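# Coordinate analysis (summary)
Read off the chains here:
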Amino acid sequence: MALRRRLLSAGDAAAVAAMDRKAAALDSTEDEDAAKEAAQDAKDTPWSFRAVFGVDVADLSSWRRFVALLYRPTDPASLAVARILFGFLMAVDTLEERGLGEADLRWAKPMQCYFPLFDFLTPLPLPWMCMLYLAIWTGAVGMMLGLRFRLSCLLFAAPYWYILLLDKSRWNNHSYLFGIVALLFSRSSAHHYWSVDAWRHGWRDRPVPLWNYTALRVQFFLLYFLAGVKKFDPDWIGGFPMRHLNSHWVFDPFKLVLSPEQVDFWIVHIVGFTLDLTIGFWMWLDATRPVAFIFCAMFHLMNSRLFMIGMFPYVCLATMPLFCHNDWPRRLRAGWRHWWRHQDADDKAKTEAEAPPPQPWPWQQPALHKDAVVDAGCLLLPEVPAGKKQDRGSRAPAPPLRWYHHLTAALLLSHTGMQLFLPYSHFITKGYNTWTNGLYGYSWDMMVHSWDTILVVVKVVEKDTGREHFLDPDAWVFSDRWARHADMAKQYATCVERNLQAELRRHSGALVAGPSKGPSKGPSPTGLRSDKLAVHVDVWCSLNGRFQQRIFDPRVDLLAAPWSPFMRVPWVMPLLTELSPMRRRIRELEAQVQSRSNYSDALFVADFPGLHLENYISDQLEDVTLTVLEGRVVLELNPAVTGAPAAPHVRRANVTLEAGGSAAVPSAAFHRVHTVSDTPACYMYAYTNLKRMREVRAPPPAPPADRKSMLGRLRARVKNAKRAVTLVSSALLNILYSVPMVQTVRLG
């Protein structure tokens, strides 16, 4: 027995020793795990990946984990605030920039020229256009209230995009942005909180998938970042596009320490470029977000005063909080309640003692709210067993995924890729490139290009007789933007031909819509005798402070000119970039001329070899001289001009001028400047403006209401809203009872 006890004791000792070794190994492993977790926690600095993006790198380690991350349940509060503000601003935008308040001026004229993206798009009759505007406004209000949310988004987005695509001449980057944001909202769950839908369905604290926030954050991040990348343009860095903005009162504080020229260069161009390029990053970081919000808010408020760009600055202000933590409205409300319900120490202690412990939100502990999480369209992530902390680097199995989860993730990535590609897709859509790439709508080149158009000549030629007619370039259009884009110039020429032929048919009493077989017996009110026409357009414009030069070849008939959206336009004259370095000299010469008197000014022109500028000098200008800066020109005085009598006070003569040469140009007479050198010639007109002199010396008239002041804009908006109500009511009466619509007529 003693020997057995000794053997058992020895066996127990060996077992105990083995157990001690295993325990030591486990303790060592736990210590290593604790050390790893401590090291990982130490990495969570304000600049770590988790701190910046709110997710772990492991969440992006596979496609399935990435999809599951996009459907992680999230607090809906911040998204609800963005929905309410965006819907309200779009309701205001519908009345103003979209044009409900002036729908009769935009869509009532049958001969009006429109510039649709696709030629098969045509406007509806005015009453139905008003109904489309009403649908847009109703959809915006529905988005704001969260009432039948998805239907409201569709009601807003569908007619919005239709009206936007109807007229390229009204495109803006922010108009495109509003349509994109409306589409993103339409697929989101922004109505899960603070909405009529939530009240109707009894939803309380219903979460939203994380991708709802991700889509909007990425969209507005790209808005800022791409606008900054586009400002890498040498013209912007050189300070040429936005000259003379320093005269606005918003820059008065900067002019206390900087000169006006320094304000234009450093504040407008350099600070604007830096802010656009980097502000998205600063708003994403917790540490820099407060300072970034201050600068971003100042930027948008200044833009709202500087430019007439509708609701764009306010939409950007309203969506800035999307970069904050998603529960910021709850924190703000809790802080407000704490301040408002301030009690004495005893009552406060009693209230806190009686209050039940706060319950976790569904997005904080989804396992306790499985039904709410699943009903909200979110994914329930795998649970971690109690007492065990999940390693951040571990690859826990992702929850079961359905096909629509993968589709949403793919569409989100495709949308992001498309937004990155479209601003640089102009090598495909070459037909929309003129001096700048693409249309001013989706390129995010905001304010990078500054245009100054001084002359637009539209010449209509009868092919049968060769007779020339000149058309007012403002006829049948609302703005001159068409004159800066080849695709719209082609559409304008087609519209002019259609309208003139319609006038000729009405005059001749033709009953068929086709072209007549020969010239009509008498001229129409337009002076035309034939419907076989050619349209030539000569546009003189300056881009970013360069010389005034022609955009299109005036010898080309635009009706017969080739155009394709995927081919370079051969009849666009190239921008004379070789003369761009002379812009510094232009500023110096302009300053010299303007120093002569308060009424002196200068105009700088460049032209191509073999072409000429035909110009009429008004009798409101005197002491007009022409000075050649480069090249060689022939100045033809008092030439024979079709439809214009010769000036009796000017002798016909031709004067050849070399670089540095100068000659006087008579007023109240035509002249031509022929470029005869082998290279482009550039020259300067210097003159005294008598009209400006009389306006300065005359007693100032009563100042009109300042539309840029806050009170003036408020009055204009109220007036516009009244006109919108009148138009919609009149359209309804016209559709239901055939009552003629009351329309506004633009005079002049």
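Predicted model, so just to flag it, every value in this text is computed and none were measured. Residue indices follow the written sequence of each chain, beginning from 1 at its first position. Since the coordinates come from a predicted model, pLDDT governs what is reported: local features require at least 70, and pairs of side-chain atoms require 80 or more to be given and counted, while whole-chain, interface and lining totals use all residues. Side-chain measures were taken over the full set of non-hydrogen atoms in the model, leaving aside hydrogen atoms and water.

With that settled, consider the overall build of the protein. For helices the rule is a DSSP run of H or I covering at least 4 residues; for strands it is a run of E covering at least 2, with both sets numbered from the N terminus onward. If you tally the helices and strands in the protein, you get 22 helices and 14 strands. The cut-offs for exposure are 20% and 50% of the maximum accessible area for each residue type, with area from a 1.4 Å probe on protein chains only; residues under the lower value are buried, those over the upper are exposed, and the others partly exposed. Within the protein, buried positions represent 47% of all 748 residues.

DSSP bridges decide pairing: two strands pair if at least two such bridges lie between them. Pairing is antiparallel in the open sheet, where four strands are placed in the order 4-3-5-6. Two strands bound the open sheet, and with one partner strand each, they are strand 4 (468-471) and strand 6 (549-550). Two strands pair when backbone bridges link them, and strand 3 (residues 451-462) and strand 5 (residues 533-543) are joined in this way by eleven bridges, in the antiparallel orientation. If you follow Val460 over to strand 5, its bridge partner there is Val535.

Helical geometry: 3.6 residues make up each α-helical turn, so side chains three or four residues apart lie on a common side. Judged by how many residues are buried, helix 14 (residues 312-319) sits mostly within the fold: six of eight residues are covered. Listed in full, the buried residues belonging to helix 14 are Phe312, Pro313, Val315, Cys316, Ala318 and Thr319. Buried-residue contacts for helix 14 involve helix 4 (77-95), helix 8 (173-186), helix 10 (210-230) and helix 13 (289-306). Throughout, a residue-residue contact means that at least one pair of heavy atoms, one from each residue, lies within 4.5 Å.

Here we come to the packing of aromatic side chains. Pairing of aromatic rings covers Phe, Tyr and the six-membered ring of Trp, with a centre-to-centre limit of 6.5 Å; geometry is then stacked below 30 degrees between planes, edge-to-face above 60, and tilted otherwise. Counted according to the given criterion, the structure contains 26 aromatic pairs. Arranged with centres 6.4 Å apart and planes meeting at 75 degrees, the rings of Phe547 and Phe604 form a pair that is edge-to-face. With Phe547 in the loop between strand 5 and strand 6 and Phe604 in strand 7 (residues 600-607), the pair connects residues that are 57 residues apart, well separated along the chain. On the accessibility criterion, Phe604 (6% relative accessible area) is buried. One aromatic cluster is present, formed by Phe221, Phe225, Phe281, Trp284 and Phe323 through successive ring pairs. Comment: the charge-over-ring label is applied if NZ (Lys) or CZ (Arg) is within 6 Å of the ring centre and within 35 degrees of the ring normal. Here Lys231 stacks its cationic end above the ring of Trp236, 5.0 Å away from the centre of that ring. Taking NZ or CZ as reference, Arg583 lies 3.8 Å from the ring centre of Phe240, over its face.

All right, on to the sheet that holds strand 9 (residues 621-630) then. Taken in spatial order, the four strands of this open sheet run 7-14-9-12, and their pairing is antiparallel. Single-partner strands in this sheet number two, and they are strand 7 and strand 12 (662-664). Between one strand axis and the next, the sheet turns by 20 degrees as a mean value, whatever way the strands run. Sheet topology places strand 9 next to strand 14 (residues 681-689); seven bridges connect them, and they run antiparallel. Bridged to Leu626 within strand 14 is Tyr685. Fitted lines through C-alpha atoms give the axes, limited to the stretch in contact for helices. The angle between two N-to-C directions lies from 0 to 180 degrees.

Cysteine sulfur atoms that come within 2.5 Å of each other are treated as a disulfide pair. Applying the stated criterion across every chain, the model contains one disulfide. Across a sulfur-sulfur distance of 2.0 Å, Cys113 and Cys495 are joined as a disulfide pair. The sign of the -90 degrees torsion about the S-S bond sets the Cys113-Cys495 disulfide as left-handed. Within this pair, whereas Cys113 is found in the loop between helix 5 (103-107) and helix 6 (126-145), its partner Cys495 is found in helix 19 (residues 486-508), the two being separated by 382 residues in sequence. The exposure class of Cys113 is buried, given its relative accessible area of 3%. Among the cysteines around Cys316, which has no disulfide bond, Cys296 carries the closest sulfur, lying 7.1 Å off.

Right, let's talk about the nonpolar core for a bit. Take the buried residues of types Ala, Val, Leu, Ile, Met, Phe, Trp, Tyr and Cys, join any two whose side-chain atoms come within 4.5 Å, and each joined set is a nonpolar core. Membership of the largest hydrophobic core comes to 139 residues, with the highest contact counts inside it found for Phe185 and Trp482. If near-sequence neighbours (up to four positions away) are discounted, Phe185 is found in contact with Leu79, Ala82, Arg83, Phe86, Phe149, Cys153, Ala190 and Leu216.

With that settled, consider the UniProt feature "transmembrane region" (unreviewed entry) in the protein. UniProt positions are given in the numbering used here, feature names are shortened, and annotations may be inferred rather than shown by experiment. Following the UniProt record, one finds the feature "transmembrane region" (unreviewed entry) at residues 116-137, 149-166, 210-227, 265-285 and 305-324. Counting secondary structure, residues 265-285 comes out at 95% helix and 0% strand; the distance between its end C-alpha atoms is 29 Å. Secondary structure over residues 305-324 splits into 50% helix and 0% strand, and the C-alpha atoms at its two ends are 26 Å apart.

A few words now on the packing of helix 13 against helix 14. Contact geometry of helix 13 with helix 14 gives a least axis separation of 8 Å together with a crossing angle of 165 degrees. Comparing their axes, helix 14 and helix 13 come out roughly antiparallel. You can see that helix 13 and helix 14 cross each other, and the crossing is left-handed. Note on element contacts: helix 14 touches helix 13 through Pro313, Tyr314, Cys316 and Leu317, opposite Ala297, His300, Leu301, Asn303, Ser304 and Arg305. For classification, angles of less than 35 degrees are called roughly parallel, those exceeding 145 degrees roughly antiparallel, those between 65 and 115 degrees roughly perpendicular, and all remaining angles oblique. Here is the rule for handedness: rotate from the far helix to the near one, and if that takes an anticlockwise turn smaller than a right angle the crossing is left-handed, while a clockwise turn gives right-handed.

So, on to the side chain of Ser600. Mapped onto the secondary structure, Ser600 falls in strand 7. A distance of 2.7 Å separates the side chain of Ser600 from the side chain of Ser597, its partner in a polar contact. For the purposes of these results, a polar contact is taken to be a pair of N or O atoms within 3.5 Å, where, inside protein, one atom must be able to donate a hydrogen and its partner to accept one; residues adjacent in sequence count only when each atom of the pair is a side-chain atom.

The next thing to look at is the confidence of the model for the protein. Caution applies to low-pLDDT regions: their predicted coordinates should not be interpreted in detail. pLDDT gives the predictor's per-residue confidence on a scale running from 0 to 100. Averaged over every residue, the pLDDT of the protein is 85; residues scoring 70 or more account for 83%. The model gives residues 29-39 a pLDDT under 50, and that stretch makes one contact with residues more than four places away or in other chains. Overall, residues 703-707 carries pLDDT values under 50, and its contacts beyond four positions in sequence, including any with other chains, amount to four contacts.

We now examine the pattern of salt bridges. Basic side-chain nitrogens of Lys or Arg form a salt bridge, by our definition, when they fall within 4 Å of a carboxyl oxygen of Asp or Glu. Throughout the structure, instances matching the rule amount to 29 salt bridges. For the salt bridge of Arg717 with Glu96, the shortest nitrogen-to-oxygen distance reads 2.6 Å. With Arg717 in helix 22 (residues 710-737) and Glu96 in the loop between helix 4 and helix 5, this residue pair connects regions lying 621 residues apart in the sequence. Between Arg170 and Asp167 there is a salt bridge; the shortest N-O distance is 3.9 Å. Among the residues examined, Arg170 registers a relative accessible area of 28% and is labelled partly exposed. Its relative accessible area of 4% is what places Asp167 among the buried residues. Salt bridges linked by common partners bring Asp93, Glu97 and Arg98 together as one network.

What follows deals with helix 13. Residue count minus one, scaled by 1.5 Å, sets the expected span of a helix. Given a rise of 1.5 Å per residue, 18 residues ought to cover 26 Å, and the 25 Å separating the end C-alpha atoms of helix 13 matches this to within 8%. Taken residue by residue, helix 13 has Arg289, Ala292, Phe293, Cys296, His300, Met302, Asn303, Ser304, Arg305 and Leu306 as its buried positions.

So, about the environment of Leu223. Following the sequence through the fold, Leu223 ends up in helix 10. Take Leu223: its relative accessible area is 2%, and that puts it in the buried class. Considered as a pair, Leu223 and Gln419 are 196 residues apart in the sequence and their alpha carbons are 9.2 Å apart. Setting aside anything within four residues of it in sequence, one finds Leu223 in contact with Leu177, Phe312, Cys316, Trp444 and Met446.

Right, let's get into the environment of Leu611. Turning to its location among the elements, Leu611 is positioned in the loop between strand 7 and strand 8 (612-617). Residues Leu611 and Arg555 lie 56 residues apart in sequence; the distance between their C-alpha atoms is 9.4 Å. Among all residues touching Leu611, those that are not within four sequence positions of it are Arg550, Arg555, Met573, Val673, His674 and Thr675.

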